[in-house]
Amino acid sequence: FDLSIGQGNRALRAVSLHGKGKKVEAESMLDELERRRPYAVSQRQMAMRIRLQFEDDRRKQAAILEKMVPLFPSASHMLFWQSMIYGEFEPALRYAASVSYDDPKRRGGWKSSSDFDDQYLDVVERSEFAGAVAYALYVSGNIGESATRLKQAEDYVESYMVPPPPPEPGQKWSRKVSQDYGL
């Protein structure tokens, strides 16, 4: 109970204490939550999100996210976009260097049911990120590298737009291929 539902109770207490303006007590509760399960990423994320919810200072928000990067690499992605929003391109490029879109290795070749759609959503996300990195490079004076990154992003997107090879004579594309490529 203490390390499952008890953790949820601590998080709820921290939210309540923050809401009442008792920031020190709320932080103490979140520290306790993290201390009890220091390697449980979900627990650390929960504490991070509660802290971010009640923190208005952008520098403190960045510090909270930076602390999470070793256990929650997506925090680098969040820091990148936060820096871009505020026009802080040098820090954005620093964070961009640690952003990865590589999927973890899967055991047994299993796939989730949404893998087919996810590969195309991934193209959108990767291309938006690459375009933002290219922009940050450009405004930082790295025009050549910006053009190279933008060209790589264009090539990546175009690789997903290439239609499938024509079917063998007397054969038709499968319904799935026809739907996927709008043929």
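Within any chain, residue numbers begin from 1 and follow the written order of that chain's sequence. Per-residue local features of the predicted model are confined to residues with pLDDT of at least 70, and side-chain atom pairs are confined, for both listing and counting, to 80 or more; whole-chain, interface and lining totals are unaffected and use all residues. The basis for every side-chain value is the complete set of heavy atoms in the structure, and neither hydrogens nor water enter the calculation.

**Some words on the nonpolar core**
Move 1: We define the nonpolar core as a collection of buried residues of types Ala, Val, Leu, Ile, Met, Phe, Trp, Tyr and Cys that are connected through side-chain atoms lying within 4.5 Å of one another. Note on classification: 1.4 Å probe, protein chains only; a residue is buried when its accessible area is under 20% of the maximum for its type, exposed when over 50%, partly exposed between these limits. Counting 23 residues, the largest nonpolar core has Met48, Leu65, Phe80, Met84, Phe129 and Val133 as the members making the most contacts within it.
Move 2: We call two residues in contact when some of their heavy atoms are within 4.5 Å. Sequence-distant contacts of Val133, defined by excluding residues within four places in its chain, comprise Phe80, Leu93, Ala96 and Arg149.
Move 3: Core analysis: the second largest hydrophobic core is formed by seven residues, Ala11, Leu30, Ala47 and Ile50 among them.

**Considerations on the environment of Tyr86**
Move 1: Working definition: helices are DSSP H or I runs of at least four residues, strands are E runs of at least two. Numbering for both runs from the N terminus. When you line up the elements, Tyr86 lands in the loop between helix 5 (74-85) and helix 6 (89-96).
Move 2: Linking Tyr86 and Arg58, residues 28 residues apart in sequence, is a C-alpha distance of 9.8 Å.

**Points about the packing of aromatic side chains**
The relation between two aromatic rings is expressed through the spacing of the ring centres and the mutual angle of the planes.
Move 1: Side-chain rings of Phe, Tyr and Trp (the six-membered ring for Trp) are treated as a pair once their centres are within 6.5 Å; stacked means planes under 30 degrees apart, edge-to-face means over 60, and tilted covers the remaining angles. For the structure shown, the criterion picks out three aromatic pairs.
Move 2: Here Phe80 and Trp81 contribute two aromatic rings whose centre-to-centre distance is 5.1 Å and whose plane-to-plane angle is 75 degrees, an arrangement assigned as edge-to-face.
Move 3: For Phe80, a relative accessible area of 0% gives the class buried.
Move 4: A connected cluster of aromatic rings, assembled from ring pairs, spans Phe80, Trp81 and Phe129.
Move 5: Sitting over a ring, as applied to charges here, requires NZ of Lys or CZ of Arg to be within 6 Å of the ring centre and within 35 degrees of the ring normal. The ring of Tyr95 has Arg94 sitting right over it, with the charged end atom 5.4 Å from the ring centre.

**Quick notes on the confidence of the model for the chain**
Move 1: The score called pLDDT rates the predictor's confidence residue by residue, from a low of 0 to a high of 100. Here the chain averages 87 in pLDDT, and 89% of its residues register 70 or above.
Move 2: Looking across the chain, the model is least confident in helix 9 (residues 175-181), with a mean pLDDT of 77, and most confident in helix 6, with 96.

**Some words on helix 3 (residues 41-53)**
Move 1: By this rule, a helix spans an expected 1.5 Å times one less than how many residues it contains. Here helix 3 contains 13 residues, and its C-alpha end-to-end distance of 18 Å stays within 8% of the 18 Å for a straight helix at 1.5 Å per residue.
Move 2: Listed as buried for helix 3 are Gln43, Arg44, Gln45, Ala47, Met48, Ile50, Arg51 and Leu52.
Move 3: Against the buried residues of helix 3 lie helix 1 (5-19), helix 2 (23-36) and helix 4 (58-68).

**Quick notes on the pattern of salt bridges**
Move 1: Each reported salt bridge corresponds to a side-chain nitrogen of Lys or Arg within 4 Å of a carboxyl oxygen of Asp or Glu. Applying the stated criterion across every chain yields a total of 13 salt bridges.
Move 2: In this structure, the salt-bridge partner of Arg59 is Glu88, at a minimum N-O distance of 3.3 Å. Of this pair, Arg59 sits in helix 4 while Glu88 sits in the loop between helix 5 and helix 6, and the two are 29 residues apart along the sequence.
Move 3: The exposure class of Arg59 is exposed, given its relative accessible area of 55%.
Move 4: The closest approach of N and O atoms between Glu145 and Arg149, which form a salt bridge, is 3.5 Å. Of this pair, Glu145 and Arg149 both sit in helix 8 (residues 143-161), four residues apart, which is roughly one turn of the helix.
Move 5: In this structure Arg149 comes out as partly exposed when scored by relative accessible area, which is 33%.

**Remarks on the packing of helix 1 against helix 3**
How two helices pack is summed up by the angle between their axes together with the distance between the axes.
Move 1: All axes are obtained by fitting lines to C-alpha atoms, using only the stretch in contact for helices, and the reported angles, taken between N-to-C directions, cover 0 to 180 degrees. Helix 3 packs onto helix 1 with a crossing angle of 10 degrees between their chain directions and a minimal axis gap of 10 Å. With respect to helix 3, the axis of helix 1 lies roughly parallel. Residue-level contacts link Gln7, Ala11, Ala14, Val15 and His18 of helix 1 to Gln43, Met46 and Ile50 of helix 3.
Move 2: Taken together, the residues of the contact of helix 1 with helix 3 sort by class into five nonpolar, three polar and no charged. Note on terminology: angles under 35 degrees are roughly parallel, angles over 145 are roughly antiparallel, angles of 65 to 115 are roughly perpendicular, and the others are oblique. Lys, Arg, Asp and Glu make up the charged group, whereas Ala, Val, Leu, Ile, Met, Phe, Trp, Tyr, Cys and Pro make up the nonpolar group; the residues left over, Gly among them, are polar.

**Notes on a nonpolar patch on the surface**
Move 1: Residues Tyr135, Tyr138, Val139 and Ile143 make up a contiguous nonpolar surface patch of about 400 Å² in total accessible area.
Move 2: Per-element accounting of the nonpolar patch gives the leading share, three residues, to helix 7 (residues 115-139).
Move 3: Within the secondary structure, Tyr135 is located in helix 7. Patches here are clusters of residues that have more than 30% relative accessible area and form no salt bridge, with a 9 Å joining cutoff for like charges and a 5 Å cutoff for nonpolar side chains (Val, Leu, Ile, Met, Phe, Trp, Tyr). The Shrake-Rupley method, run with a 1.4 Å probe, gives the accessible areas here. Residue values count only the displayed protein chains as cover.

**With respect to the packing of helix 2 against helix 3**
Move 1: Two elements in contact, helix 2 and helix 3, have axes whose closest approach is 9 Å; the angle formed by their N-to-C orientations is 165 degrees. As the angle between them shows, helix 2 and helix 3 are arranged roughly antiparallel. In this structure, helix 2 crosses over helix 3, and the sense of that crossing is left-handed. Where helix 2 approaches helix 3, its residues Glu27, Leu30, Asp31, Leu33 and Glu34 are matched on the opposing element by Gln43, Arg44, Met46, Ala47, Ile50 and Arg51.
Move 2: Grouping the constituent residues of the contact of helix 2 with helix 3 by class yields five nonpolar, one polar and five charged. When the near helix sits turned anticlockwise from the far one by under a right angle, the crossing is termed left-handed; a clockwise turn instead gives a right-handed crossing.

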